[in-house]
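Structural features, examined
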Number of protein chains: 4
Amino acid sequence: MEFEENGIGEECGVFGCVAAGEWPTQLEVAQVLTLGLTALQHRGQESAGIVTSNGASPPTYTTHKGMGLVSTAFPAEALQKLRNGNLGIGHTRYSTSGNSELQNCQPFVVDTLHGEIAVAHNGELINAAALRKKVMRHGVGLSTSSDSELITQLLALTPPMEEVDAPDWVARIKNLMTETPTSYSLLVMFRDVVYAIRDPYGNRPLCIGRIVPISKLQSSGGGEGDTEGWVVSSESCSFQSIGARYYREVQPGEIVQISKHGVKTLSIVPRPEGDVPAFCIFEYVYFARPDSIFEGQMVYTVRQRCGRQLAIEAPTDADLVSTVPESATPAALGYAQQLGLPYVEVLCKNRYVGRTFIQPNTRLRQLGVAKKFGALTDNFAGKRIVLIDDSIVRGNTISPIIKLLKEAGAKEVHIRVASPPIRHPCYMGINIPTREELIANRPEFQDIAGYIGADSVKYLTVEGLLSAVQGGLASLHEKDEMISSNNKLSRRVGHCTACLTGKYPVELEW
Amino acid sequence: MEFEENGIGEECGVFGCVAAGEWPTQLEVAQVLTLGLTALQHRGQESAGIVTSNGASPPTYTTHKGMGLVSTAFPAEALQKLRNGNLGIGHTRYSTSGNSELQNCQPFVVDTLHGEIAVAHNGELINAAALRKKVMRHGVGLSTSSDSELITQLLALTPPMEEVDAPDWVARIKNLMTETPTSYSLLVMFRDVVYAIRDPYGNRPLCIGRIVPISKLQSSGGGEGDTEGWVVSSESCSFQSIGARYYREVQPGEIVQISKHGVKTLSIVPRPEGDVPAFCIFEYVYFARPDSIFEGQMVYTVRQRCGRQLAIEAPTDADLVSTVPESATPAALGYAQQLGLPYVEVLCKNRYVGRTFIQPNTRLRQLGVAKKFGALTDNFAGKRIVLIDDSIVRGNTISPIIKLLKEAGAKEVHIRVASPPIRHPCYMGINIPTREELIANRPEFQDIAGYIGADSVKYLTVEGLLSAVQGGLASLHEKDEMISSNNKLSRRVGHCTACLTGKYPVELEW
Amino acid sequence: MEFEENGIGEECGVFGCVAAGEWPTQLEVAQVLTLGLTALQHRGQESAGIVTSNGASPPTYTTHKGMGLVSTAFPAEALQKLRNGNLGIGHTRYSTSGNSELQNCQPFVVDTLHGEIAVAHNGELINAAALRKKVMRHGVGLSTSSDSELITQLLALTPPMEEVDAPDWVARIKNLMTETPTSYSLLVMFRDVVYAIRDPYGNRPLCIGRIVPISKLQSSGGGEGDTEGWVVSSESCSFQSIGARYYREVQPGEIVQISKHGVKTLSIVPRPEGDVPAFCIFEYVYFARPDSIFEGQMVYTVRQRCGRQLAIEAPTDADLVSTVPESATPAALGYAQQLGLPYVEVLCKNRYVGRTFIQPNTRLRQLGVAKKFGALTDNFAGKRIVLIDDSIVRGNTISPIIKLLKEAGAKEVHIRVASPPIRHPCYMGINIPTREELIANRPEFQDIAGYIGADSVKYLTVEGLLSAVQGGLASLHEKDEMISSNNKLSRRVGHCTACLTGKYPVELEW
Amino acid sequence: MEFEENGIGEECGVFGCVAAGEWPTQLEVAQVLTLGLTALQHRGQESAGIVTSNGASPPTYTTHKGMGLVSTAFPAEALQKLRNGNLGIGHTRYSTSGNSELQNCQPFVVDTLHGEIAVAHNGELINAAALRKKVMRHGVGLSTSSDSELITQLLALTPPMEEVDAPDWVARIKNLMTETPTSYSLLVMFRDVVYAIRDPYGNRPLCIGRIVPISKLQSSGGGEGDTEGWVVSSESCSFQSIGARYYREVQPGEIVQISKHGVKTLSIVPRPEGDVPAFCIFEYVYFARPDSIFEGQMVYTVRQRCGRQLAIEAPTDADLVSTVPESATPAALGYAQQLGLPYVEVLCKNRYVGRTFIQPNTRLRQLGVAKKFGALTDNFAGKRIVLIDDSIVRGNTISPIIKLLKEAGAKEVHIRVASPPIRHPCYMGINIPTREELIANRPEFQDIAGYIGADSVKYLTVEGLLSAVQGGLASLHEKDEMISSNNKLSRRVGHCTACLTGKYPVELEW
């Protein structure tokens, strides 16, 4: 809940679709794309964009971008405009820099010597500043501050630059991947193909699904012969809404080619000797939708395990366990189960609270969070509450909730946080307050309970979090169909905990 | 959940505020009103309106109305415009008739021989058609189809019509109340006073709150001497967000005058001999926010008792109990507790699903509900689920959820409904499908489980519902400060169950 | 030009259409109405509304209203919505009171004992305040400050009020006309009929047209047998754009019934003995479109005659005659012709100047009018200009134009105004600044030339204006087809010059 | 008038401003820019953009772009946002390609190795296709189809590319000018300087103005010492509205540097030996505002001379001369004067006609132009009209006007066109219909009078047009302050008449 309040967020979600079989396809690719992006809406609500291609040579691309939610940005006319696509890629964007202009909206389309390419990107290039200089030194002007434009220009720049009919995009992509180690999950569309790329550290998620006939969805049938189209998405939660089945993850460093003929691994770019993968652990803790599957395990389950682990590390003598709705609920249920305490709701959310229209300096502003949550007084009056939250970032939003509960009659309020304190910035795509704003770096943290008005405060440890995440990876084998066991093993080893520990997956050079 | 999907809804919410003490007040009345309406947003999202008065003689009224949510309809300029109010009333509207035009938006303001009055209404006049004829026979033209205009014209019409400085509005209001028995909770603003009126059957809710200094909120102190303003609202959930304390309900038939000097009962219009109150039971079952208090009991608690009662009436041999989020959750928790079964989440909601932008006749439309809910597969695969819903109205929304769960691996899905089947229309302000559309009146109801694809379906009985609602009324004494015990007793007796039983509180005359 | 700058304006335009022959009609009534209103757009740009009726018993009315120009307020969906109309009335509104809300937008529709009526009104009831009191004393509440609502309620109120199938609307309209002498041109739609009414003084214009087949438009043929529909409009300029021919004016005091069967005079309500008509002379001077015809003469021609008369009354020794574009151009051409001086353009207009977005107190604001007009320097440098304007109201807009011309090299600038000074308020529908703001009532008027920086200033006299207007009425006989010569003679006699002379057509009673 | 109807238009207008003297300046640069662009609005109404710089090192640029008119695109907040600028450039865009997206809106800003530059461009690069290939071969991807982006990348690309503090932009601009001969009038902003560039053929206009204190505007005083700021604009008509004086034109091939210290010629890039300038003759005929000055002469005067010349070449035996308002009026007045015929208005324009909202295939569509113009019948009934238009492009808009006049009683209608027939495409920035759509290339042109329904049709000859334009250039000496007489002479020689003659200023290579 603190994440949301503090504007912590993922940079984006990406989604692509390629119709299988004969073209023009019967599959409504633009609808698949909008539904897919809608299911990724939690990864970015600022703007959305889709580019479709008819797949011809030369291809006709159609682009539509709009501000706001997918449902706002894609009215009926937009879908009409995009309807001739046989393949396409899309993007939802989260505003990080305040540059909330349509210009920064992805996918980014540029015309190159070989024709137009479209690029959608989730992540943040860790060496973006150096790469920008490099590109500009080559004489290229950059019109936005976005990594997507930078990536596109890097793809265009790679020599040899001859006017050939079949440019070697794979070589260019591999070259790009040697220029920048992380973090990116990338979709590149050219003519009739979508390339799906995940950086060698696998920092951002990316997985593949298969659209099967509706009649085959119920049954366990529907072999590859029945495939109506291929989709690729930041999260698997988008597959269900379009009638697709989870197929497999894109591996760290893998370049996958998706065409009407199917899915094909073109290359796997290795990490430096000795480096382990670095999948962002906060995808599990907060960002992803609970029904998504990463590394073979459901996110909800990991969160529940975090709650259980937290109960083991920091048990409480209390009457009931509750949650700050809605993101902390799985952890709260896990905590309650582990200790055998009753799970009780203490807050109800006003779903309709929008942007604040109240000017500063008014009496009513002080009431703050009360606009957002109502206290379910009779459920906890006179009782000792353990309240589970998923994180405490600045400490300024949990405080009024505690006050609210105490005013409404709670005897004690103990805060248990289902993740460790955040202390370090992220350079790989997550928007985190400055070091100084993070409560864990401030003097108040010495008496955090006193500061926020709680009777006690405890956090999950980094080790506890890692065990909750990695403890379930044994079950991976049955889920992921296509990857050789070698790859599975190598992938299973590591997660990025840089914001908690300060240990970044690659050395920072500035 | 079915309610929402089927467009069942309350007609509106009303909210009023009068600053206490010296005028011009320091209290930001327009902000109190917008926050109050925001907390009532679940009662109507189509449009919102506010009228403030400076309370002078003659008064200056300022009106602002807008389409959409309160946060949309009331931008900063609107608040600026309304800022000189010392008192005011507001309204949120739910579209019932499709006449979603600003013209129908309340409050309704009319100029009368004695000056302007403003009226905000929640409910539906059971004899509206006859009253319209009566008013028009008097030579009045009606420019809208709204009950509010009708009420306003009835107030204006009442003889004697002389041009006096202090018109007897109470006499006019009492006259109105003899013309129409139900259903209305009504706010009438004239100059420096807000009249709060509840129909003799108490069909719609209305309660009073007291704004206290923020410093007094925490403590149990803050006597009437500290009052900064009085508020009146459809539901008490709005008090918390503006820093007000619950004071008491307006009684059935009561006319309360709220002025800068405080709250005063002007009259209590009785019901016909022998008639009992008829507070709408669906306020408990579905409409109200769970943290609101009616008749001294918290709505959440009643819903939880419904779940417990349902477990007693219709227990199930299953592995886990779950909910269709979010409205059925209290009942599901109650059901689980009663039977000692684990409460487990099986569905997660995509918060960002907006209006459908997909045209009919497409493959993707068939996937329906999957856009809205994701299945938390690992939580229930291979298990027998008892799924609690708050109602089944048409039967067309629970069906795809069941399919979704079964596709995802549920072994059995048993549906338990925390309210009885709806079989009859409501003429008192609730929007219900036609008799023919209600599943309980259709042949399919004979095999409802087969029809919706469940392994079994059971409903709460009317008696069970009434016992869940009325069983808790013993605790009423401590909550409601101001009402004589006589009134309490009389009020406790009855609830309107017309949509379930066909027994209307008054005889229908057409 | 001063009019425009000073917010002087007509209250509105009205337009109605009834399809002739069989219903459902082939005539696209909603399109006729929107085109007709577009041609009346100069009479009001704030909002527009249309109500159509299918003409059945009971009828179905469809209403659409919107803010802004007709083209904005009536998008394709609105026309679609209105398409089933066989008849309809419309209105364009000019904001007079600043109450620019949709609620005040006409036509006004109310439900009465006999069914719904729709009313569109141009004018202002001279005794509105007294009538409001009267209506309210009867117990009617008025929800807007508009005369249209007042008129509608007066029509609804008239006794006897019995529920009959064929209400006597003519009796009610006559009754209304006895209650209020002026000013109104009124359209009342009921079921399958439009009543067109002009007040006994004929203060506001109203005329009738006949839609003929396009093939007949070119020829002089197309008798009444060919009529496809009847239209009624504030001004005849709207007929051309819909392929209609001018038919005749509605006479002062006349009640015309327009049905599918044609046009019929139902009654002519007389003026008090001795009173003459009082058609607003400023319709000729400024408001009307130059191609409209009043009293048998084209407005442009009258304006040209005003210029000629002004040349006779106030000749100038100068090198060239010019205009403040665009409204003063006919008068300027007349003035130049009369004196044999060359007509030369000295100003060009920036068509794209919109609302000012510049905040006060800036250097650039002082440049004022330069944003709106460019000086055609080479046309007048070193020369003596006679600049014709249609009016000087406040004197604050002509002043910067003179400065502009002098800066650009004009040797002398003489102002000649093609109408007399305005000194008195209008209570009949024209928005005029307060008495104190009118330059003709201020001390500066003693040296008006010095005040505005001109070398000389002269106005047309009231007698000169009347002779320019009435001198052309001899040609009336051939134009107006249907009126008996008696009526023509009586109508020819008088015009309202109240704002110039203070002589109002009826006694003011407050 | 035909131009407007046929979507013929200029590509854009550019405007720049640099505050003189100390920075931060008192001059409200953002307001100067918006007013300047407003005065250039006739050159583009689709979108507008402004970039300001604080002039620091490194500079802070602020950008605002919006769709629609300047007044729409630049609300108060936008001006607020831009307020810290000490210099800036702006652009209004005319939609040529239908790509009416914000992305194509100028000025274009890109980050280069030396920092950000901003570019605003009027014109069209005649060798754009080849240049795009060249840039892309270098490895640059182009994200739009606009010439501005291409220009910007060309500026960024020029070697040597080293990271120096004071990049040699002049060398880069000169290099750009050798790559592309025409057509461009270009503003390039870098840090604290605006470079104003006109292509060697001077195809598009560009001139410089000087902001003087308001108090000095009236007098002939105000030397350079009084300069408050420098402005540069596509047309001089924008100077008056911001209180600036015309200073001089930018010469063909000239690179001017505008800084707080004043205006300085950095270089003049020559044309190939023997080539003459090629200023677009249609700037005189149609595009420019009549009060603008090119080559020392006022556009209005040239148009009047075109009318006179047309009268000499194609006199008519008629009763009156009139105009299709408003663009043909100067020519009509010239024509009338030359022949001594009366100038009479026959059409009045409905200023409020917006986009057509009427669907095709309706009776009313046939009425076409009648919505836009009203016939001033009494001015011409029974008479022989010479109607002057500025051009006939497709022949489909003059035709209904002739029909309108004839239906209203004109005895004869003779069309005289104040420019020669257009027969060839423009590759230098003007949007012209395809060769096949141009009436002068179609068989109907053999009997153009019969085709459009006129009694006769005559065009101005190319020689006549050139003599009207060049005959006035003798008066140039007094107007243009700063240019050596050599340059004046060379410039005076040539105009581009490619669309009339097919002779392009440079050889076309595709």
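Residues numbered from 1 in each chain as written. Chains lettered and ligands numbered in written order. Predicted model: local features only at pLDDT ≥ 70, side-chain atom pairs only at ≥ 80, totals over all residues. Heavy atoms only, no water.

The helix and strand tally for chain A stands at 17 helices and 23 strands. Of the roughly 17,300 Å² of accessible surface on chain A, a fraction of 49% belongs to carbon and sulfur atoms. (Helix = DSSP H or I, 4+ residues; strand = E, 2+ residues; numbered from the N terminus. Areas by Shrake-Rupley, 256 points an atom, 1.4 Å probe, with all protein chains shown as cover.)

All right, on to the interface of chain C and chain B then. Listed per partner, the contact involves 24 residues of chain C and 24 residues of chain B. When the two sides are added together, the surface that chain C and chain B hide from each other amounts to roughly 2,000 Å², 47% of it contributed by carbon and sulfur. The closest approach of N and O atoms between D111(C) and R132(B), which form a salt bridge, is 3.3 Å. For the pair chain C and chain B, the number of links is nine residue pairs in polar contact (both at pLDDT 80 or more). Elements with a minimum of two residues in the side of chain C that touches chain B: β5 (108–112), α5 (128–137) and α6 (147–157) of chain C. With five residues, β5(C) is the single largest residue contributor to the side of chain C that touches chain B. A breakdown of the residues in the side of chain C that touches chain B according to their chemical character gives ten nonpolar, seven polar and seven charged. (Contact = heavy atoms within 4.5 Å. Buried area = accessible area lost by both parts, 1.4 Å probe. Salt bridge = Lys/Arg side-chain N within 4 Å of Asp/Glu carboxyl O. Polar contact = N/O pair within 3.5 Å; in protein donor to acceptor, adjacent residues only side chain to side chain. Nonpolar A, V, L, I, M, F, W, Y, C, P; charged D, E, K, R; others polar.)

Turning to the pairing of strand β1 (residues 12–19) of chain C, a few remarks are in order. All names here are of chain C. The buried fraction of β1 is high, at eight of eight residues. Alternating residues of β1 divide into C12, V14, G16 and V18 and G13, F15, C17 and A19, and every residue in both groups is buried. Where β1 lies against strand β10 (residues 229–233), five bridges are found, and the strand directions are antiparallel. Among the inter-strand pairings, G16 is bridged to a residue of β10, identified as V232. (Buried < 20%, exposed > 50% of the residue type's maximum accessible area, 1.4 Å probe, protein only. Pairing = 2+ DSSP bridges.)

The subject of this paragraph is the relation of the copies chain A and chain B. Take chain A, turn it by 180°, move it 0.0 Å along the axis, and it overlays chain B with an RMSD of 0.1 Å. Look at the turn and shift together and you get a two-fold axis relating the two. Here 100% of the contact residues of chain A are again contact residues in chain B; the copies associate through an equivalent surface. (Least-squares fit on C-alpha atoms with pLDDT ≥ 70 in both.)

It is worth spelling out the interface of chain A and chain B at this point. Each partner contributes residues to the interface: chain A has 70 residues there, and chain B has 70 residues. Approximately 5,800 Å² of surface area, both sides summed, lies buried where chain A meets chain B, with 59% of it carried by carbon and sulfur atoms. The interface formed by chain A and chain B includes zero salt bridges. If you look at where chain A meets chain B, you find eight residue pairs in polar contact (both at pLDDT 80 or more). Listed by contribution, the elements that provide at least two residues to the side of chain A that touches chain B are α2 (29–39), α4 (76–81), α8 (214–217), α11 (299–313), α12 (329–339), β18 (347–349), β19 (373–375) and α13 (398–407) of chain A. The residue makeup of the side of chain A that touches chain B, split by class, is 32 nonpolar, 22 polar and 16 charged.

All names here are of chain D. Strand order in the open sheet formed by four strands is β17-β20-β21-β22, with parallel pairing between adjacent strands. The sheet is open, and its two borders are formed by β17 (320–323) and β22 (456–459), each paired with just one other strand. Across this sheet, the average inter-strand angle for adjacent strands is 25°, counted without regard to direction. (Axes fitted to C-alpha atoms, helices over the stretch in contact; angles between N-to-C directions.)

All names here are of chain C. Spatial strand order, β3-β2-β4-β1-β10-β9-β11: seven strands in an open sheet with antiparallel pairing. Both edges of this open sheet fall to β3 (61–67) and β11 (244–249), since each of them pairs with a single strand only. Put simply, the sheet's adjacent strands are angled 15° from each other on average, direction ignored. Here strand β9 (residues 207–211) pairs with β10 via five bridges, running antiparallel. If you follow I208 over to β10, its bridge partner there is V232. Helix α2 (residues 29–39) contacts β1, β2 (47–53), β4 (87–93), β9 and β10 of the sheet and is inclined by roughly 155° relative to β1.

Both copies of the chain are related by a screw-like operation: a rotation about an axis and a shift along it. The operation relating chain C to chain B is a screw motion whose rotation component is 180°, with 0.1 Å of axial translation and a residual RMSD of 0.1 Å. Same-surface contact between copies: 100% of interface residues of chain C are shared with the interface of chain B.

Residue and element names in this part refer to chain C. Residues of helix α13 (residues 398–407) that are buried: I398, I401, I402, L404 and L405. End-on view of α13: buried residues confined to an arc of 160°, all on one side of the axis. Phi turns positive, to about 115°, at G409, one or two residues after α13. (Arc of directions from axis to C-beta.)

Residue and element names in this part refer to chain B. On the secondary structure map, Y459 appears in strand β22 (residues 456–459). Residue Y459 is classed as buried on the basis of its relative accessible area of 14%. As a C-alpha pair, Y459 and K264 span 195 residues in sequence and 44 Å in three-dimensional space. With residues near it in sequence (within four places) discarded, Y459 still touches L310, E313, I392, V417, S419, P420, P421, I439 and F445.

If you walk through the whole model with that rule in mind, you get 52 salt bridges over all chains. Via salt bridges that share partners, R43(A), R204(A), E235(A) and E283(A) belong to a single interconnected network.

So, about the environment of H42(C). With respect to the helices, strands and loops of the structure, H42(C) is situated in the loop between α2 and β2. When its relative accessible area of 17% is taken as the criterion, H42(C) is described as buried. Sequence spacing of H42(C) and G334(C) is 292 residues, and the spatial spacing of their C-alpha atoms is 23 Å. Here H42(C) is in contact with E235(C), C237(C), F287(C), A288(C), R289(C) and Y352(D), once residues within four sequence places are set aside. Within polar-contact distance, the side chain of H42(C) engages the side chain of E235(C) at 2.8 Å.

What follows covers the UniProt feature "binding site: Mg(2+)" (unreviewed entry) in chain A. Residue and element names in this part refer to chain A. UniProt records the feature "binding site: Mg(2+)" (unreviewed entry) at S327, D389 and D390, using the numbering of this structure. Across 64 residues of sequence, these annotated residues stay compact in space, with a maximum C-alpha separation of 8.0 Å. Locating S327 in the fold gives a position in the loop between β17 (320–323) and α12. Exposure remark for S327: the relative accessible area of 23% places this residue in the partly exposed category. A residue is classified by how much of its surface remains accessible, and D390, at 4% relative accessible area, is buried. Among the polar contacts made by the side chain of D390, one reaches the side chain of S327 at a distance of 2.5 Å. (UniProt positions renumbered as here; feature names shortened; annotations may be inferred.)

Right, let's get into helix α6 (residues 147–157) of chain B. Because each turn of an α-helix spans 3.6 residues, side chains separated by three or four positions end up pointing in the same direction. Across the eleven residues that make up α6(B), a large majority, eleven, are buried. Where α6(B) is concerned, the buried positions are D147(B), S148(B), E149(B), L150(B), I151(B), T152(B), Q153(B), L154(B), L155(B), A156(B) and L157(B). Its buried side turned inward, α6(B) meets β5 (108–112), β6 (115–123), α5 (128–137), α7 (169–179) and β7 (184–190) of chain B together with α6 of chain C.

This part covers the confidence of the model for chain A. Looking at chain A, pLDDT values average 87 and 85% of them are 70 or higher. Model confidence for the complex is summarised by a pTM of 0.86, with the ipTM given as 0.89. (pLDDT = per-residue confidence, 0-100.)

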